[in-house]
Amino acid sequence: MYPPPPLRRRAALTAVAAVVAAGVLSAPAPVLADPALREHGNGPERNDVAAVPLQDPARTLTAPAPPQVPGVDPDTPYPRQSELPVHPEDPGDHSVKLGLTPYHDLAPALNELMDDSDRVSAEIIGTSTRGRDLYLVTLTEPENRARADQQRRMRELIADDPARAARDRTLSDRYKTPVLVNANIHGNEWEGTDASLRVIEELAHSEEPATEELLEGARLYFVLTANPDGRVAGTRANAAGFDLNRDFVTVSQPETAAVRQVMIDTQPLVMVDQHGYVNGTLIEPCTPPHGQNYEYDLFIKNTYANALAMEEAILELGYTPEDDGVRPPQIPFRDSADGWDDWPPIFTPMYAPYQGAVASATVEFPMRVNNADYRDLPEEELRRRSSINTDISAATIEATIEFARENREELIADQIEVFRRGAAGEEQVVPPQGWVPGFGPEDVYTTEFPRAYVLPGRDRATARLVDFLIANDVRVDRAEEGFTAGGSTYPAGSYVIDMHQPKRGMANVLLEAGRDISGDVEAMYDISGWSHGLLWGARVDPVQEAVAAPTGPVAAAAPTGRVEEPGAAGWRLEVADGSDAAALNGLLAAGAAVTWDGGGAVVAPEAAGAVAEAADRHGAVFAAADEPGGTALEPVTVAVAGAADEVFTLQALGFDLVPVSTAVLNGGFDWSDVDVLYAGSGLVYADLDAGARAALDGFLAGGGGLVGRGATGARLNDQAGLLDVTRAAGRSDANGVVAAEAGEGVLTGTGGHTFVYSPGWFTDLGAGVSVEQTYADDPLVAGHWRADANGAGGPDAAAGRAAVVSGTADGAAVVLFGTEPMFRHHPKGLFAQVAQALYWTASAPPA
């Protein structure tokens, strides 16, 4: 099956990593934002937006996915042919310049294909942030209801009872091989959509016996464009400013939720994700480190074989560096040392294996047509390049379909085996060296699965995590009686995740603490640490024994909202979770009289109706308050100079936002209705003109608050002459989950764990500066954080240092974060820290 192995694993920075460093990861121009908002060299690549997303981001604090998505009906036979609504023509669609299919032409094209062929079904599986339809196209032979029901039952058997499925000798002959093609998840990487349309049209009309045989034994699924808003606007991100191919561990965006549901519903054996632009064409599998929750022996065997098939198909097109500028394909697993890993499940192809894909890969076609090239190159050249990219994309799709056809029995057996190992609780298999050409000890990443996880909490954070697990097709039970496990006693009603379940990899990648991989590789492609247990605010206990108590399956977490009998002063709400902040902001918007007690809680003496509504909507708990609060709170208006994820999160928390930037302030800005300035990116004090600087100084001196994040916040604090602190920083690519200790300042809930990317800490603290949070003595729990070339800036340098500080200076109340409490809307357990910082800086009396 495999050719002789080529030169394996160059030790130096590879060509792939060099391309990445040169800008493959760079973000597009901000959506509806002043270009001056973009700040480079301040940690991870992030987009700044001045527009409010059309969806309700508050749902991300209270629901498993925003919004609920229709998914794929398991019972309706194919074809499914309803007329798709046609969107208005948009002459500004960025696809047009490239000679590609504009979004508004997709529905007409699909309607025509359905009219012409009973092999084609097109469905709407959700809507984008801007309300554009997301299309799933399915190619298969026509089915009657009995055949469709048979397919559903076999798919369920594989996932629910894999041991029985493995014994069924006839299943592979009867089961239609599911293959998934995902296109255009990065909006300005267009050609996968057009290549998919080409393949769909060819298969829809082909009269070749081989095509008939293929579609008798397969269901081919195509997400035509996973990011229609970005496709139209010519941006990598969606309209909310999020890179959707970083969202699968969080699922904050509706487009991600739709694609995730397609993967769960179709359970693909093979998936391929279409991207650009790396020359020569990059085809996964990846470099180390590999996701430690995979059944990697099965995954690498199939993914590498498919990569070789795709490589051969591309080479057969005949494009050359001399004639076309097209270099030969590259496969990171084979050709690179590190820098293109499959460690985090944030990427579509890295998430798919946890839903059963045993071959899953990104393809990066070669000829760049976005960003500066889109602006500067002649249209003729852009169209030449796009034509080549479309050819290459189509070749990889066709090769993947053929690979799935030729290897269908083995692929089905391997998917069954993934689920069977999970259900049986077996150890992962470590294949021998040379399992595939080039496989060696550097490719071995495994984990030890606990016997179960217990989530004993009855709070909003626990409920949110339970709902998220269920939304990711993880089985969750609830104990009907109290029990003891691992030396701890748990009450009835505790949630139990038995790790003897088919999708144990999915469960574990969401619940485990993670791993420090700093010593394993030099370079990582993106984040290296995440933890829904440590960062979402829920208690998650791994136990090494089966739970000896009767349990029942859970379809949704129990409601958490509660309003107790009021005390003498009314009700008390602890702002311990982002949903608590959303509830509080709802009260303030309703005009309730609320006072801040200065210790992370508020007292609401009246407005019982508003309190009940906030408890019901946000799951907040209002306890009896016997003592009144202190400072009266009013609705907090925040002038925000931040990245897209920060804007999105602050809006989800319910704050009134006014986007600002250096350019906006220099254009003249009225501070009179603003309570707090949030500075995370895009605002440089030294670049303000005299009038803008005077206006900002006046706002701060008059009692306006400042909450700063990262280098931008610390620099603004320094240049404005506020808190007397010095910021130090680790490597810009250092990131992960870190242990932290609570300080003695005004914020509560700062102990436990936090998240860092380009970590910062504060030294030389002057008079009046309080420490809100410190890094633990051995801070890094999971992630990749190395010292720089001079041996400085590693986690040992941050140990015991202040991660978050606060104080008042020259009239302003200031909180500075060296951490990343709102990164990609993921660390939900940290959102309350930001909310408390905004409330305190808005309400603290002038110094």
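The structure displayed is predicted, hence computed values, not measured ones.

What follows deals with helix H21 (residues 578-589). Here H21 spans 16 Å end to end across 12 residues, near enough to the 16 Å set by a 1.5 Å rise per residue. Taken across its 12 residues, H21 has 10 buried, putting it largely inside the fold. Those residues of H21 that fall on the buried side of the exposure criterion are Gly578, Ser579, Asp580, Ala581, Ala582, Ala583, Leu584, Asn585, Leu587 and Leu588. The first or second residue beyond H21 is Gly591, which carries a positive phi of 85 degrees.

Turning to the sheet that holds strand E3 (residues 177-183), a few remarks are in order. Strand pairing within a sheet occurs via backbone hydrogen bonds; the two strands may be parallel or antiparallel. With respect to topology, seven strands assemble into an open sheet ordered E1-E2-E4-E3-E5-E9-E6, the strand pairing being mixed. Both edges of this open sheet fall to strand E1 (120-127) and strand E6 (282-283), since each of them pairs with a single strand only. Looking at chain direction, E3 and strand E4 (residues 218-223) are connected through six bridges and run parallel. When the sheet's bridge partners are listed, Thr177 is paired in E4 with Ala218. Lying over the sheet, helix H16 (residues 379-406) contacts E3, E4, strand E5 (270-276) and strand E9 (359-365), oriented at roughly 170 degrees with respect to E5.

A water-sized probe, rolled over the atoms, reveals where empty space remains. Throughout the structure, instances matching the rule amount to 11 cavities of 30 Å³ or more. By volume, the largest cavity is sized at about 150 Å³. For the largest cavity, the lining is made up of 17 residues, of which Asn293, Tyr294, Glu295, Pro353 and Val418 are closest to its centre. Of all the secondary structure elements, the ones that give two or more residues to the lining of the largest cavity are helix H11 (296-315), helix H17 (408-424) and helix H19 (504-511). For the lining of the largest cavity, the element with the highest residue contribution is H19, accounting for three residues. Residues that form the lining of the largest cavity fall into these classes: 12 nonpolar, two polar and three charged. In this structure, the second largest cavity encloses a volume near 120 Å³. What lines the second largest cavity is a set of 15 residues, among which Asn245, Trp340, Phe347, Glu364 and Tyr525 lie closest to the centre.

Time to look at the sheet that holds strand E14 (residues 495-498). Strand order in this open sheet of five strands is E15-E10-E14-E11-E16, and the pairing throughout is antiparallel. What marks the edges here is a single partner per strand, and that holds for strand E15 (541-543) and strand E16 (551-553). Here the average twist between neighbouring strands, direction ignored, is 30 degrees. Two elements, strand E10 (residues 452-455) and E14, share four bridges in a ladder whose sense is antiparallel. What sits directly across from Tyr453, in E14, is Ile497.

By the element assignment, Leu465 lies in helix H18 (residues 460-471). Setting aside residues no more than four positions away along its own chain, Leu465 makes contact with Leu455, Leu511, His532, Gly533, Trp536, Ala538 and Val540.

Bringing the pattern of salt bridges into the picture now. Applying the stated criterion across every chain yields a total of 48 salt bridges. In this structure, Arg786 engages Glu522 in a salt bridge whose closest nitrogen and oxygen atoms are separated by 2.4 Å. Here Glu522 lies in the loop between H19 and helix H20 (532-535) and Arg786 lies in the loop between strand E31 (770-784) and helix H27 (795-798), a separation of 264 residues in the sequence. Note on Glu522: relative accessible area 40%, which makes it partly exposed. Salt-bridge contacts for Arg572 lead to Glu574; the nearest nitrogen and oxygen are separated by 3.0 Å.

H16 packs onto H11 with a crossing angle of 135 degrees between their chain directions and a minimal axis gap of 8 Å. In terms of orientation, H11 lies oblique with respect to H16. When the axes of H11 and H16 are compared, the crossing they make is right-handed. Between H11, through Asn302, Ala305, Asn306, Ala309, Met310, Ala313 and Ile314, and H16, the contact on the second element is made entirely by Ile392, Ala395, Thr396, Ala399, Thr400 and Phe403.

Take a negative patch on the surface next. Where like charges cluster on the molecular surface, the negative patch consists of Glu83, Glu112, Asp115, Asp116, Glu201, Glu202 and Glu398. Elements that contribute at least two residues to the negative patch include exactly helix H3 (106-116) and helix H7 (191-205). Within the secondary structure, Glu398 sits in helix H16.

Another point: the packing of aromatic side chains. Here a ring pair, both rings aromatic, is described through the centre-centre distance and the interplanar angle of the planes. Scanning the model with the defined rule gives 24 aromatic pairs in all. Judged by centre distance (4.5 Å) and plane angle (25 degrees), the ring pair of Trp671 and Phe699 falls under stacked. With Trp671 in the loop between helix H24 (662-666) and strand E25 (676-679) and Phe699 in helix H25 (residues 690-701), the pair connects residues that are 28 residues apart, well separated along the chain. Taken individually, Trp671 and Phe699 each receive the classification buried, so the pair is uniform in this respect. Through a chain of ring-to-ring contacts, the aromatic side chains of Tyr294, Tyr296, Phe299, Tyr354 and Phe439 assemble into a single cluster. Note that Arg80 overlies the ring of Tyr78, its terminal NZ or CZ placed 4.1 Å from the centroid. The residue whose ring lies beneath Lys828 is Trp536, and the NZ or CZ to ring-centre distance is 5.2 Å.

A word on the layout of surface pockets. There is about 620 Å³ of room inside the second largest pocket. In terms of lining, the second largest pocket is formed by 34 residues, of which the most central are Gln261, Ile264, Asp265, Asp473 and Lys503. Listing elements by their share of the lining of the second largest pocket, those giving two or more residues are helix H4 (145-160), E4, helix H10 (254-266) and H18. With six residues, H10 is the largest single contributor of residues to the lining of the second largest pocket. Taken together, the residues of the lining of the second largest pocket break down into 17 nonpolar, six polar and 11 charged.

For the rest of this paragraph, the subject is the nonpolar core. As a rule of thumb, soluble globular proteins bury nonpolar side chains together. Ranked by internal contacts, the top residues of the largest apolar core, which has 153 residues, are Leu110, Leu139, Leu171, Leu220, Phe222 and Ile497. With 11 residues, the single largest contributor to this core is H11. If near-sequence neighbours (up to four positions away) are discounted, Leu110 is found in contact with Leu84, Ala122, Tyr135, Val137, Leu197 and Leu224. Counting residues in each nonpolar core, the second largest holds 58 residues, with Trp571, Leu650, Trp761 and Val834 among its members.

A few words now on the confidence of the model for the protein. On average, residues of the protein carry a pLDDT of 92, and 92% of them reach 70 or more. Confidence drops under pLDDT 50 across residues 3-44; counting only partners more than four residues distant or on other chains, this segment forms 107 contacts. Under a pLDDT of 50 for its full length, residues 49-55 has, in the predicted model, 26 contacts with residues more than four places off or in other chains.

With seven of seven residues buried, E5 lies mostly within the body of the structure. Residues of E5 alternate between two faces, with Val270, Val272, Gln274 and Gly276 on one and Met271, Asp273 and His275 on the opposite face, all of them buried. Direction of pairing for E3 relative to E5: parallel, over a ladder of five bridges. By the bridge assignment, Val181 is partnered in E5 with Val272. Bridge count for E5 against E9 is seven bridges, and the pairing is parallel. Note on E9: the bridge partner recorded for Val270 is Ala359.

Contact geometry of H7 with H16 gives a least axis separation of 8 Å together with a crossing angle of 55 degrees. Considering the angle they form, H7 stands oblique to H16. The two elements H7 and H16 cross, and the hand of that crossing is right-handed. Residues Glu191, Gly192, Asp194, Ala195, Ser196, Arg198, Val199, Glu202 and Leu203 of H7 touch H16, and the partners they reach there are Ser386, Asn389, Thr390, Asp391, Ser393, Ala394, Ile397, Glu398 and Ile401.

Reading the values: the criteria
- Once a new chain begins, its residue numbering starts again from 1 and follows that chain's sequence as written.
- Reporting in this predicted model follows two pLDDT cut-offs: at least 70 for local features of residues, and 80 or more for side-chain atom pairs to be given and counted; totals over whole chains, interfaces and linings ignore these cut-offs and use all residues.
- Working from all heavy atoms in the structure, the side-chain values ignore hydrogens and water.
- Secondary structure follows DSSP: runs of H or I at least 4 residues long count as helices, runs of E at least 2 residues long count as strands, and numbering of each begins at the N terminus.
- A helix is expected to reach a length of 1.5 Å times the quantity of its residues less one.
- Burial classes: relative accessible area under 20% of the type maximum marks a residue as buried, over 50% as exposed, and values in between as partly exposed (1.4 Å probe, protein chains only).
- Note on pairing: DSSP must find at least two bridges between two strands before they are called paired.
- Two residues form a contact once any of their heavy atoms are found within 4.5 Å.
- Only the stretch in contact is used when a helix axis is fitted, and all axes are lines through C-alpha atoms; the angle between N-to-C directions ranges over 0 to 180 degrees.
- With a 1 Å grid spanning the protein atoms alone, the term cavity applies to any set of points in which a 1.4 Å probe fits but cannot get out, the term pocket to an open set with protein on both sides within 12 Å along at least five of seven lines, and the term lining residue to any residue with an atom within 4 Å of a point.
- Grid points are joined across faces, edges and corners, and a volume is the space filled by probe spheres set on the points.
- Polar here means any residue outside two lists: the nonpolar Ala, Val, Leu, Ile, Met, Phe, Trp, Tyr, Cys and Pro, and the charged Asp, Glu, Lys and Arg; Gly therefore counts as polar.
- Counted as salt bridges are all cases of a side-chain nitrogen of Lys or Arg within 4 Å of a carboxyl oxygen of Asp or Glu.
- To sort the angles, those under 35 degrees are grouped as roughly parallel, those over 145 as roughly antiparallel, those from 65 to 115 as roughly perpendicular, and the leftovers as oblique.
- In this scheme the crossing of two helices becomes right-handed for a clockwise turn of the near helix relative to the far one and left-handed for an anticlockwise turn of less than a right angle.
- What goes into a patch is any residue over 30% in relative accessible area without a salt bridge, connected to like charges within 9 Å or, for nonpolar side chains (Val, Leu, Ile, Met, Phe, Trp, Tyr), within 5 Å.
- Residue-level accessible areas treat just the shown protein chains as cover; the underlying method is Shrake-Rupley with a 1.4 Å probe.
- His is not counted, nor are the chain ends; Lys and Arg add positive charge and Asp and Glu add negative charge.
- To locate a charge, the coordinates of NZ of Lys, CZ of Arg, CG of Asp or CD of Glu are taken.
- We call Phe, Tyr and Trp rings a pair once their centres come within 6.5 Å, taking the six-membered ring for Trp, and we label the pair stacked below 30 degrees between planes, edge-to-face above 60, and tilted otherwise.
- Here, over-ring charges are defined by two tests on the NZ atom of lysine or the CZ atom of arginine: distance to the ring centre within 6 Å, and angle to the ring normal within 35 degrees.
- Only buried Ala, Val, Leu, Ile, Met, Phe, Trp, Tyr and Cys residues count toward a nonpolar core, and they belong to the same one when joined by side-chain atoms within 4.5 Å.
- Per-residue confidence from the prediction method is given by pLDDT, with values spanning 0 to 100.

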